[in-house]
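What the coordinates show
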Amino acid sequence: MTLLRTSANHIAGIAHPDSLAERLLEQMLFSTGRRASTAEQKSWSRSLPILARDLIEAGLGEVEMLIEYHLPLTSQRADVVLAGTHPGTGAPSYVVVELKQWSSAYRYEDNPDLVEVPGMPGGPKLHPVAQVKGYCDYLADFAKALADRPDALAGMAYLHNATDPTMVADLRSFPTDVTGRLFTAADRADMFTFLRSRLTTGSAGHSAGDTLMRSAVAPSQQLLKVAAAEVRDRPQFHLLGSQQLAVDLVLHGVEQARSSDSKRIIIVTGGPGSGKSVIALSLVGELARRGRTVLHATGSRSFTQTLRKVAGHRAPRVREMFKYFNQFMTAERNGLDVLILDEAHRIRETSVDRYTKAELRTGRPQIDELIAAARVPVFLLDEHQVVRPGEMGSLEQIQQHAHSLGLETQHVHLGEQFRCGGSEEYLLWVKRLLGLVEGGPYEWKGDPQFQVRVADSPHEVEHLLNQQIQHGYSARMTAGYCWPWSDARKDGTLVPDVTIGGWARPWNSKSDRRVGDAPPAPLWATEDGGFDQVGCVYTAQGFEYDWNGVILGPDLVWRDGRFTTVRDANRDPDFKNRTRIPDARFDKLVRNVYKVLLTRGMVGTVIYSTDQQTRGALRSLIS
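Below, the structure is looked at part by part.

1. A short note on the environment of threonine 564
Within the element layout of this structure, threonine 564 appears in strand β23 (residues 562–565). What makes threonine 564 partly exposed here is its relative accessible area of 25%. Dropping the residues within four chain positions of it, threonine 564 is found in contact with Asp555, Leu556, Val557, Arg559 and Arg591.

Okay, here's the thing in structure tokens:
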């Protein structure tokens, strides 16, 4: 949970600031497996001794310091959490501290939330008071030990190098309260008063630290009320047909599991556009209304960030209810009533990555962590959307793992098709075209609900889609991963890597921020500006738009009456290891990739292949 538990008196007793940094470095390597940056080392060796000195001068030398406190179910860390006893109530009390070495800072372009720091690279920074208030809000919303204890938390940003108040005067305009105060080196007396009003040293100091670090983690009732109001009544989350059946089944399963003190696993399967995510969000809203502890999780950065933006548009706190699959490694067993696992076909073999601390590198399957985290785990998946090595969320795999744990599963299949104009015929045609189901390719005879066209060049794809945009439709172009993918140039422009003859366009941006007119990578499919780049499966999966342009690259070509895959033409770095991904596995994954790309459109799809023989075959198959 935290890199180091100590006190100001102990820090003051360390002979040299560098020794403190070295100790924190050792602890970081042990607990997270990663090395600290030079900036982190400098921050520790310069900031922590100053804070320790001030705490001692304020008479709080024995207050426990939780250094680099890890906010549960996130990748974020607060610089320091001070844990002690409230002088008025005698109950555990906490002050979250954000340490800044800035000697000067200014409001960025009259935006009160952003700060420009002279000499610091990386552009504008979040106002430190906003940062620490966010940490306090998150802890209040997710640490059960703080439930119904609004007086337990306080927060402050400390600019300990800012000795001239005029050099940070712009920052004073940001609204402050008990969870977000701003102090500088010139305000130390006021800071001491504030800290003494929140903390005292006593026998409960270490107990307070233990209480916070051992706290169960789940959304608070207040957050659930906000989520219910934000999500449940949104019109885009209304249900049809078997979608309502799936929701009712989950709600029933939750109540049965609670009343019988048992565990139940529910699996919802369906093709693209069958409403899995509508079900997921409807469940979040309805369960929150009922006061059940519920979180939503996916394995997709693009999908999660878009859901956070949509569901938390009016209430930013709600965004924190949308997590990632790999954030439940240390979750309390059955700590949640329900965990909604959207896009469950993207579950990985394990949650381990390069940041995982050593003691958690146990090889425990990610599916085991997710099942353990809630009384009722709900998996929503499409088996034909497994597109990356290491993804393993199939119906059979989930059922087998549940059986090995002695748990029963319930399965709901969504028959309706809401993407691709509701055309079940088009979805079947795509699966047979790609050899994902038996029967072989057949001629597309047309469907009044969905249009399919073949283009002879990428210019024609772009032209046809532009025509639809002029008529008020949304459109995107995607392609197989058959071209290099460069970083943005130093001037911020994107490199036109997808080159076909005289036509060239860039891939979608890699950045989490807007690059020129290009939207952030996770929002490429939904924000303005995305049409000018080519998306790949990782940014398109889970999304839909009216008109869909798909470029079949040279890794999928038509030969001898069927599609065949060409491994050497694929540029996806995840597919390079032939030992880990044998040819048969590669073949299945690439077909799934193109199945995902071909089923993003709601009104129509325009298909182009870089291979002339393949274009001829498509022409013969599409009237």
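2. Let's talk about the environment of glycine 270
By the secondary structure assignment, glycine 270 is in strand β10 (residues 265–270). Sequence-wise, glycine 270 and histidine 413 are 143 residues apart; in three dimensions their C-alpha atoms are separated by 5.8 Å. Excluding residues that lie within four positions of it along the chain, glycine 270 makes contacts with Lys276, Leu381, Asp382, His413 and Leu414.

3. Some words on the sheet that holds strand β13 (residues 336–341)
In spatial order, the strands read β12-β11-β13-β14-β10-β15; together these 6 strands make up an open sheet with parallel pairing. The open sheet terminates on both sides in strands that have one partner only, identified here as β12 (322–324) and β15 (409–414). Ignoring strand direction, the axes of neighbouring strands in this sheet form an average angle of 25°. Pairing of β10 with strand β14 (residues 374–381) involves 4 bridges; the strand directions are parallel. Across the sheet, threonine 269 pairs through a bridge with leucine 381, a residue of β14. Strand contacts of helix α9 (residues 276–289): β10, β11 (294–298), β12, β13, β14 and β15, with the helix running at about 160° to β11, the strand carrying the most contacts.

4. Observations concerning the nonpolar core
Of all hydrophobic cores here, the largest spans 142 residues; its most connected members are Val96, Met321, Phe328, Leu339, Ile340, Phe379 and Trp507. For this core, the element with the highest residue contribution is helix α16 (residues 583–598), accounting for 8 residues. Core analysis: the next-biggest nonpolar cluster, separate from the first, contains 27 residues, Leu4, Leu99, Ala154 and Phe183 among them.

5. As for the side chain of aspartate 187
Relative to the helices and strands, aspartate 187 is located in the loop between β9 (181–184) and α5 (188–198). The buried category is assigned to aspartate 187, whose relative accessible area is 14%. Setting aside residues up to four positions removed in sequence, aspartate 187 forms contacts with Arg172 and Leu182.

6. Considering the side chain of lysine 133
If you trace the backbone, lysine 133 turns up in helix α4 (residues 128–142). Since its relative accessible area comes to 18%, lysine 133 is described here as buried. The contact partners of lysine 133, leaving out residues within four places of it in the chain, are Phe174, Pro175, Asp177, Thr179 and Gly180.

7. Re unusual backbone geometry
The backbone of glutamate 68 shows a phi angle near 55°, a positive value even though the residue is not glycine. The phi torsion at asparagine 334 lies on the positive side, around 55°, for a residue other than glycine. Along the chain, asparagine 334 turns up in the loop between β12 and β13.

8. A look at α9
Two residues of an α-helix separated by three or four positions point the same way, owing to the 3.6 residues in each turn. Over its 14 residues, α9 runs 20 Å from end to end, which matches the ideal 20 Å to within 8%, given 1.5 Å per residue. Within α9, 12 of the 14 residues are buried, which leaves the element mostly enclosed by the surrounding structure. Of all the residues in α9, the buried ones are Lys276, Ser277, Ile279, Ala280, Leu281, Ser282, Leu283, Val284, Gly285, Glu286, Leu287 and Ala288. Trailing α9 by a residue or two, glycine 291 shows a phi angle of about 80°, which is positive.

9. A short note on a negative patch on the surface
A cluster of acidic residues, Glu109, Asp110, Glu116 and Asp170, forms a negative patch at the surface. Structurally, glutamate 109 is set in the loop between β5 (106–108) and β6 (111–116).

10. Here we look at the packing of aromatic side chains
Per the counting criterion, the structure on display carries 13 aromatic pairs. By way of ring pairs, the aromatic residues Tyr426, Trp429, Trp444 and Phe450 are connected into one cluster. Above the plane of the ring of phenylalanine 142 lies lysine 323, whose end atom (NZ or CZ) is 4.7 Å from the centre. Taking NZ or CZ as reference, arginine 476 lies 5.7 Å from the ring centre of tryptophan 524, over its face.

11. Some details on the pattern of salt bridges
Per the stated rule, a full pass over the model turns up 26 salt bridges. When the shortest N-O distance is used, the salt bridge between lysine 133 and aspartate 177 registers 2.8 Å. Here lysine 133, found in helix α4, pairs with aspartate 177, found in the loop between β8 (153–159) and β9; they are 44 residues apart in sequence, far enough to count as distant. Among the charged side chains, a salt-bridge network with shared partners connects Arg53, Asp54, Glu57 and Arg188.

12. Brief notes about helix α12 (residues 395–404)
Within the sequence span of α12, burial applies to Leu395, Ile398, His401 and Ala402. Here the buried residues of α12 occupy an arc of 140° about the axis, which is enough to place them on one side. Set apart from the buried face of α12 by more than 90 degrees, the exposed residues are Glu396, His403 and Ser404. Looking at the buried residues of α12, the elements they touch are β10, α11 (366–372), β14 and β15. A positive backbone phi angle near 75° is found at glycine 406, which sits one or two residues after α12.

Calculation rules
- Along every chain, residues carry numbers that run from 1 in the direction the sequence is written.
- With the structure being a predicted model, the display of local features is reserved for residues of pLDDT at least 70 and the display and counting of side-chain atom pairs for 80 or more, all residues being used for whole-chain, interface and lining totals.
- Think of the side-chain values as coming from all heavy atoms in the structure, minus any hydrogens and water.
- Put simply, DSSP H or I for four residues or longer makes a helix, DSSP E for two residues or longer makes a strand, and each gets a number counted from the N terminus.
- For every residue, the accessible area (1.4 Å probe, protein chains only) is compared with the maximum for its type, and the residue is labelled buried under 20%, exposed over 50%, or partly exposed between those bounds.
- The criterion used for residue contact is that any of the two residues' heavy atoms lie within 4.5 Å.
- In short, DSSP must find at least two bridges between two strands for them to pair.
- Only the contacting stretch of a helix is used when fitting its axis, a line to C-alpha atoms as for every element, and angles between N-to-C directions run 0 to 180 degrees.
- Note on terminology: a nonpolar core comprises buried Ala, Val, Leu, Ile, Met, Phe, Trp, Tyr and Cys residues joined through side-chain atoms within 4.5 Å.
- Between the first and last residue of a helix there are one fewer steps than residues, each counted as 1.5 Å, and that sum is the expected span.
- Patch membership is restricted to residues that have no salt bridge and whose relative accessible area is over 30%. Joining uses 9 Å for like charges and 5 Å for the nonpolar side chains Val, Leu, Ile, Met, Phe, Trp and Tyr.
- Working definition of accessibility: Shrake-Rupley area with a 1.4 Å probe, residue cover restricted to the visible protein chains.
- Every case where a carboxyl oxygen of Asp or Glu lies within 4 Å of a side-chain nitrogen of Lys or Arg is listed as a salt bridge.
- A residue counts as positive if it is Lys or Arg and as negative if it is Asp or Glu; His and the chain ends are not included.
- Every charge is mapped to an atom, namely NZ of Lys, CZ of Arg, CG of Asp or CD of Glu.
- Only rings of Phe, Tyr and Trp enter the pairing, Trp through its six-membered ring, and a pair is recorded when the two centres are within 6.5 Å. The plane angle decides the type: under 30 degrees is stacked, over 60 is edge-to-face, the rest tilted.
- Charge-over-ring placement is defined geometrically: NZ (Lys) or CZ (Arg) within 6 Å of the ring centre, and within 35 degrees of the ring normal.
- To obtain the arc, one takes the directions from the helix axis to the C-beta atoms.

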